[in-house]
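As a plain string of letters, each chain reads:
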Amino acid sequence: MYETLYRNILLPMFDGTIKGRQTMKHWQRAEATQWHSRSELELQQLVDLRRLVAHAAAHSLYYKNLLLEHAIDPATISSFDDFRRVPLLHRETIARNRLQLSTSLPMKRISKSTGGSSGEPLHFEISAESNDRRVAMTYRGYGWAHAGPGTRQLYIWGTPPSRLAAWKRWKMSLHHAFDHHLVLSCFEFTPEMMHRQLRRMNAWRPQVIVAYTNAAYEFARFIESEGLQVWQPKSIVVGAEKLHDFQRIVLERVFKAPVFETYGSREFMLIGAECEQHSGLHLSMENLFVEILDDEGQPTPAGEEGNVVITDLFNDAMPFIRYVNGDRAIAGFENCPCGRGLPLLRKVTGRQLDVLTTPDGRKIPGEFFPHLIKDYRSIRRFQVIQNDPHEIIVRMVTSGGLTLADLHHLENDLREGIGPIVTLKLEQVDDIPLTRAGKLKVVVNNLQTSQTSGRLPEHSDLAAGSDDQPAAQGALVCQH
Ligand SMILES: [Zn+2]
């Protein structure tokens with residue numbers, strides 16, 4: 001009932017009439033274009049890419065010089081290969097050339113920032129017009145997971161309420177009530193608090209749970225281990241952090257509902273989302289051009305892992321053309337059995353930071369650790385840290401502690417992956433703090449330049465930041 005009222009009256013009235021946004025128009029169009037053929041969609045992408053490069057050449061000093069330097073005439077871009085002549089854009093380049101990257105045209109702009117692993121935030125701008133398109137993509141992508149605008153949703157999300165001023169908290173709770181969202185903070189998911197959060201959730205009876213992956217997983221394991229009763233939603237949408245297959249299994253078992261993975265970032269909002277087939281993430285391709293490239297910048301062969309590179313087709317305020325976002329994914333954009341023309345991103349495998357290196361030349365993928373540690377039931381939260389090539393530290397928060405036998409067993413298991421050379425330190429701690437955005441950094445490599453070809457291993461958030469996605473769900477987008 002509220003959903004119908006919200007979608008047909010409240011949202012169009014607030015978003016279009018009061019705020020003058022184009023979100024509804026873009027959403028309506030996106031609902032139709034998702035069924036267009038892939039070739040038709042690609043053709044449109046090419047037209048939009050050409051327009052974007054021409055716009056950047058004309059109005060951004062950075063791009064004007066760059067394109068001149070590489071003798072690229074936007075008018076001659078007639079294929080994706082032509083477009084690939086535009087050099088890649090790295091995070092540090094944006095930080096150094098922010099003013100030159102911004103276009104000179106007057107337009108409504110929104111300032112954004114995203115935190116990096118080094119704690120150095122990236123500040124950038126998007127046009128208000130491109131924000132409307134992003135929100136439309138989120139409406140559509142979340143809609144596949146039964147989480148369209150106006151549905152009753154429970155958010156397990158990142159921003160600690162105490163960081164906001166009282167009036168802002170009040171404004172946000174008003175937004176959440178309007179949007180039909182109950183928001184629980186990740187920071188309140190300690191074992192002591194989880195009983196209370198579960199009661200709130202059971203009382204709210206959400207149609208959908210939208211959550212940070214690790215928080216939802218910890219919550220599910222808690223519910224299961226305590227043998228508690230839990231409300232059964234229609235679906236669970238996870239994002240912001242990588243989803244492992246074993247986490248999906250636990251979430252679906254505990255909540256008895258299908259899990260829909262999403263992939264997004266502060267820079268682009270929703271990049272991809274699963275449809276009901278769960279066969280990969282449909283790209284928001286009307287808005288974004290996504291490439292998977294090897295370390296030399298060439299397209300990665302299908303089935304292999306590469307660097308995620310994204311172009312926003314419509315951010316005319318500060319063009320992000322071929323931006324290397326620091327994430328890794330498997331190449332090969334397949335079609336989905338659902339019939340949508342939007343190609344599938346097979347799998348987001350993680351970020352560059354998730355790889356640890358050892359002096360004997362081993363590269364240990366971050367996936368190694370959660371897969372191994374998940375079998376130790378008493379380890380509630382953990383973090384792997386490498387500050388020194390010769391040492392790997394594993395910090396663990398346990399319920400009831402680990403026995404000597406467990407520790408011995410764990411050390412042997414870890415040793416198989418990390419090899420004989422490095423020192424392994426196992427530390428049992430009381431708490432592992434979340435990042436400011438409420439995420440858990442599972443693997444932290446502080447050896448910044450050793451494995452990224454000179455590129456700083458800073459990252460966009462794996463999915464939308466603490467405020468992007470929930471805000472995007474409602475008409476009252478709250479900008480920070
Ligand atoms: Zn599909």
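Conventions adopted
- Residues numbered from 1 in each chain as written.
- Predicted model: local features only at pLDDT ≥ 70, side-chain atom pairs only at ≥ 80, totals over all residues.
- Heavy atoms only, no water.
- Donors = N, O, S within 2.8 Å, 3.2 Å for Na, K, Ca; no water.
- Tetrahedral: all angles 85-135°; square planar, octahedral: opposite > 155°, others 65-115°.
- Helix = DSSP H or I, 4+ residues; strand = E, 2+ residues; numbered from the N terminus.
- Buried < 20%, exposed > 50% of the residue type's maximum accessible area, 1.4 Å probe, protein only.
- Pairing = 2+ DSSP bridges.
- Contact = heavy atoms within 4.5 Å.
- Axes fitted to C-alpha atoms, helices over the stretch in contact; angles between N-to-C directions.
- Phe/Tyr/Trp six-rings, centres within 6.5 Å; stacked < 30°, edge-to-face > 60°.
- Salt bridge = Lys/Arg side-chain N within 4 Å of Asp/Glu carboxyl O.
- Parallel < 35°, antiparallel > 145°, perpendicular 65-115°, else oblique.
- Nonpolar A, V, L, I, M, F, W, Y, C, P; charged D, E, K, R; others polar.

J.: What is the right way to look at the coordination of the zinc ion in this model?
T.: For a metal with four tetrahedral donors the ideal donor-metal-donor angle is 109.5 degrees, while six octahedral donors give ideal angles of 90 or 180 degrees. Note on the zinc ion: its protein donors are Cys275 (SG), His282 (NE2), Cys336 (SG) and Cys338 (SG). The metal-donor distances range over 2.1 to 2.3 Å. For the zinc ion, the 4 donor atoms in the first shell make angles of 100 to 120 degrees at the metal, so the coordination geometry reads as tetrahedral. Sequence positions of the donors to the zinc ion reduce to the motif C-x6-H-x53-C-x1-C. Of this pair, His282 sits in strand 9 (residues 281-283) while Cys336 sits in the loop between strand 12 (323-330) and strand 13 (344-345), placing them 54 residues apart in sequence. Like His282, the residue Cys336 is buried in the burial classification.

J.: I would appreciate a short explanation of the sheet that holds strand 13 in the present structure.
T.: Think of a sheet as strands paired side by side through backbone hydrogen bonds, with each pair either parallel or antiparallel. With respect to topology, 8 strands assemble into an open sheet ordered 4-3-5-6-7-8-9-13, the strand pairing being mixed. Strand pairing shows two members of the sheet lacking a second neighbour, strand 4 (181-185) and strand 13, which therefore form its edges. Helix 10 (residues 191-204) rests against strand 3 (153-157), strand 4 and strand 5 (208-212) of the sheet, and its axis sits at about 170 degrees to strand 4. Helix-sheet contacts for helix 11 (residues 213-226) involve strand 3, strand 5 and strand 6 (235-239), and the interaxial angle to strand 5 is about 115 degrees.

J.: Explanation requested: the packing of aromatic side chains in the structure shown.
T.: Describing an aromatic ring pair means giving the distance of the ring centres and the angle of the ring planes. Summed over all chains, the structure comprises 13 aromatic pairs. Consider the rings of Trp27 and Tyr139, whose centres lie 5.0 Å apart with planes at 65 degrees: the pair is edge-to-face. Here Trp27, found in helix 2 (residues 23-33), pairs with Tyr139, found in helix 8 (residues 128-143); they are 112 residues apart in sequence, far enough to count as distant. Given the relative accessible area of 10%, Trp27 is considered buried.

J.: What am I meant to see in the pattern of salt bridges here?
T.: It is possible for side chains of opposite charge to pair when their charged atoms get near one another. Summed over the entire model, instances satisfying the criterion amount to 20 salt bridges. Put simply, Arg134 and Asp312 hold a salt bridge, and the shortest N to O gap is 2.7 Å. Here the residue Arg134 occupies a position in helix 8, and Asp312 occupies one in strand 11 (residues 305-312), the gap between them amounting to 178 residues. We note that Arg134, like Asp312, is buried. The shortest N-O distance in the salt bridge between Lys425 and Glu391 comes to 3.6 Å. Taken as a pair, Lys425 in strand 19 (residues 423-428) and Glu391 in strand 18 (residues 391-398) lie far apart in primary sequence, 34 residues in all. By relative accessible area, which is 38% here, Lys425 ends up partly exposed.

J.: Would you take a moment to explain the packing of helix 1 (residues 2-18) against helix 2 for this structure?
T.: The description of two helices packed together rests on the angle between their axes and the distance between the axes. For the pair helix 1 and helix 2, the least separation of the axes is 9 Å and the interaxial angle reads 130 degrees. One element, helix 1, and the other, helix 2, form an angle in the oblique class. Here Arg7, Leu11, Pro12 and Asp15 of helix 1 come into contact with helix 2, specifically with Thr23, Met24 and Trp27. Looking at the contact of helix 1 with helix 2 residue by residue, the classes come out as 4 nonpolar, 1 polar and 2 charged.

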